[in-house]
There are 2 protein chains.
Amino acid sequence: MAQKLRIVILESGLELVPEQIRRHPQVVRTAKRYGLKPGEMILDKSLHYNAMFELPQKWKRGRPDILHVSLLNILDSPLAEEGLVEVYFQSFDGRIFQVDHTTRLPKNYERFKGLMAQLLREGRVPPRGDPLIWEVARGLGEFLSDGKGLILLWERGRDARLEWVVARSIYSGMMLGLGGFPRGDFKKSTLRKAREAYKVMGGRPLKAWTLAGRIVWVGEWILGVG
Amino acid sequence: MAQKLRIVILESGLELVPEQIRRHPQVVRTAKRYGLKPGEMILDKSLHYNAMFELPQKWKRGRPDILHVSLLNILDSPLAEEGLVEVYFQSFDGRIFQVDHTTRLPKNYERFKGLMAQLLREGRVPPRGDPLIWEVARGLGEFLSDGKGLILLWERGRDARLEWVVARSIYSGMMLGLGGFPRGDFKKSTLRKAREAYKVMGGRPLKAWTLAGRIVWVGEWILGVG
């Protein structure tokens, strides 16, 4: 198998509006404005801030924008163009999805959310024909069960240079995982599944999309693309 | 003056809905949905596609999303954190705006468009107190009139490595300009104002946000940040 960069964006703030707040007035109102049923709508903090007040772990939820910009940064790259990157992400409920590297993701945020709503309901998009994004595992444990291993970028991991970590991921075949949430830490169950964890760039709290873009670029440099 | 990276995103697809289509049914309908008057709304191809049919140069217009993601990629960086980047962009009407490097840009696309609508009307945001984004020139000619010079990243420029071009911009003090439009070429009036123009990464048609993120990273490497 050719050497590739394999990235997974973990614990992203992507989910449908959860059952418990579907009757909240703010949810009902915004769903109506978009012509959707509450349960067909992606939870979005900028629309549902008040409704989310009582949700557990709310600081990690309702942030599909982070996933959107991160995926745009990964897919619009010479590395993706050359087919040398494998891209996965995890939704808030724990499922793992693969994104075909040729996917032309909607640049528009509303359309992206529409596509993600369809993906979370159907498990794949488009619903017929060759899928561009599809569910590959019900959880991180199942995803890693073939023994491929996971290297985590983690603010409390061992100090390392990003170049070194990306090279290690590519040459070892271990997936490179980064957090797709705005703040807070990985779940313990995620940390336990990582074989190695590194802090890069001196532990600066970079946004997921910034880190994703930089990982791809280092990957191009290591694999001689671009 | 300390050495800094100076970036300007040129000819971005950012403007208020122009007068000539403010009575188009699609514009009236979408404005109503957002509770705005048509002239207070940012032109957005994903909302106003049909209404834009007769607009001249429509392939360059109604793409505030490109500017949004490009600015997010620039501002969320160690370089911006250290105050070593100066960021400017040009709206479709030709004006140049500066973005304070400490600006926490709205991550949400709708909020970003709201802020940009206010900026285009008022010439600055916020309207009172120290501005975070403000108009610095009515056009590119005025912007460059102090003799600072412009280096353009252009698909038909001379072949060069991005690292070399960024270093040249930093050490010469010339602004580094990139296109903020989805396709088509720079205006002749823009090309004429550039002292130098380079094609990077073998002329691959990279998105503005990808290029912006990479420029910043190269800047960090050159200036020893991160």
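Please refer to the structure placed before this passage.
Let me begin by describing the structure that accompanies this report. Since the structure is predicted, the reported quantities are computational estimates derived from the model, not experimental observations. (Residues numbered from 1 in each chain as written. Chains lettered and ligands numbered in written order. Predicted model: local features only at pLDDT ≥ 70, side-chain atom pairs only at ≥ 80, totals over all residues. Heavy atoms only, no water.)

## Some words on the sheet that holds strand β3 (residues 96-99) of chain B
All names here are of chain B.
Point 1. Strand order in the open sheet formed by eight strands is β4-β5-β3-β2-β1-β7-β6-β8, and the pairing between neighbours is mixed. What marks the edges here is a single partner per strand, and that holds for β4 (124-125) and β8 (196-199).
Point 2. Bridging between strand β6 (residues 150-159) and β8 involves five bridges; their strand directions are parallel. Bridge assignment links Ile151 to a residue of β8, and that residue is Glu196.
Point 3. Taken strand by strand, helix α3 (residues 64-75) contacts β1 (5-10), β2 (85-90) and β3, and its axis lies near 175° from that of β2. (Pairing = 2+ DSSP bridges. Helix = DSSP H or I, 4+ residues; strand = E, 2+ residues; numbered from the N terminus. Contact = heavy atoms within 4.5 Å. Axes fitted to C-alpha atoms, helices over the stretch in contact; angles between N-to-C directions.)

## Remarks on the packing of aromatic side chains
Residue and element names in this part refer to chain A.
Point 1. Following the criterion strictly, the structure yields nine aromatic pairs over all chains and no others.
Point 2. Aromatic pair Phe181 and Phe186: ring centres 5.3 Å apart, planes at 90°, arrangement edge-to-face. Pair check on accessibility: Phe181 and Phe186 agree, each one buried.
Point 3. Taking the ring centre of Phe181 as reference, the NZ or CZ of Lys60 above it sits at 4.4 Å. (Phe/Tyr/Trp six-rings, centres within 6.5 Å; stacked < 30°, edge-to-face > 60°. Buried < 20%, exposed > 50% of the residue type's maximum accessible area, 1.4 Å probe, protein only. Lys NZ or Arg CZ within 6 Å of the ring centre and 35° of its normal.)

## A closer look at the environment of Asp159(A)
Residues and elements named next belong to chain A.
Point 1. As for its position among the elements, Asp159 is in strand β6 (residues 150-159).
Point 2. Asp159 gets classed as exposed once you look at its relative accessible area, which sits at 56%.
Point 3. Taking C-alpha positions, Asp159 is 6.2 Å from Val200, a pair spaced 41 residues apart along the chain.
Point 4. Leaving out residues up to four positions away in the same chain, Asp159 has contacts with Lys199 and Gly202.

## A short note on a positive patch on the surface
Point 1. A contiguous patch of positive charge, built from Arg29(A), Arg33(A), Arg29(B) and Arg33(B), is present on the exposed surface.
Point 2. For the positive patch, the elements supplying multiple residues, two or more each, are α1 (25-33) of chain A together with α1 (25-33) of chain B.
Point 3. Locating Arg33(B) in the fold gives a position in helix α1.
Point 4. Under the relative-accessibility criterion, Arg33(B) is labelled partly exposed at 37%. (Patch = residues over 30% accessible without salt bridge, like charges linked within 9 Å, V, L, I, M, F, W, Y side chains within 5 Å. Areas by Shrake-Rupley, 256 points an atom, 1.4 Å probe, with all protein chains shown as cover. Salt bridge = Lys/Arg side-chain N within 4 Å of Asp/Glu carboxyl O. Lys, Arg positive; Asp, Glu negative; His and termini not counted. Charge placed at Lys NZ, Arg CZ, Asp CG, Glu CD.)

## Quick look at the relation of the copies chain B and chain A
Point 1. Superposing chain B onto chain A requires a rotation of 180° together with a translation of 0.0 Å along the rotation axis, leaving an RMSD of 0.0 Å. Such values leave the two copies arranged in the relation of a two-fold axis.
Point 2. A shared binding surface is used by both copies, with 100% of the interface residues of chain B retained as interface residues in chain A. (Least-squares fit on C-alpha atoms with pLDDT ≥ 70 in both.)

Any functional reading would require information beyond the geometric quantities listed.
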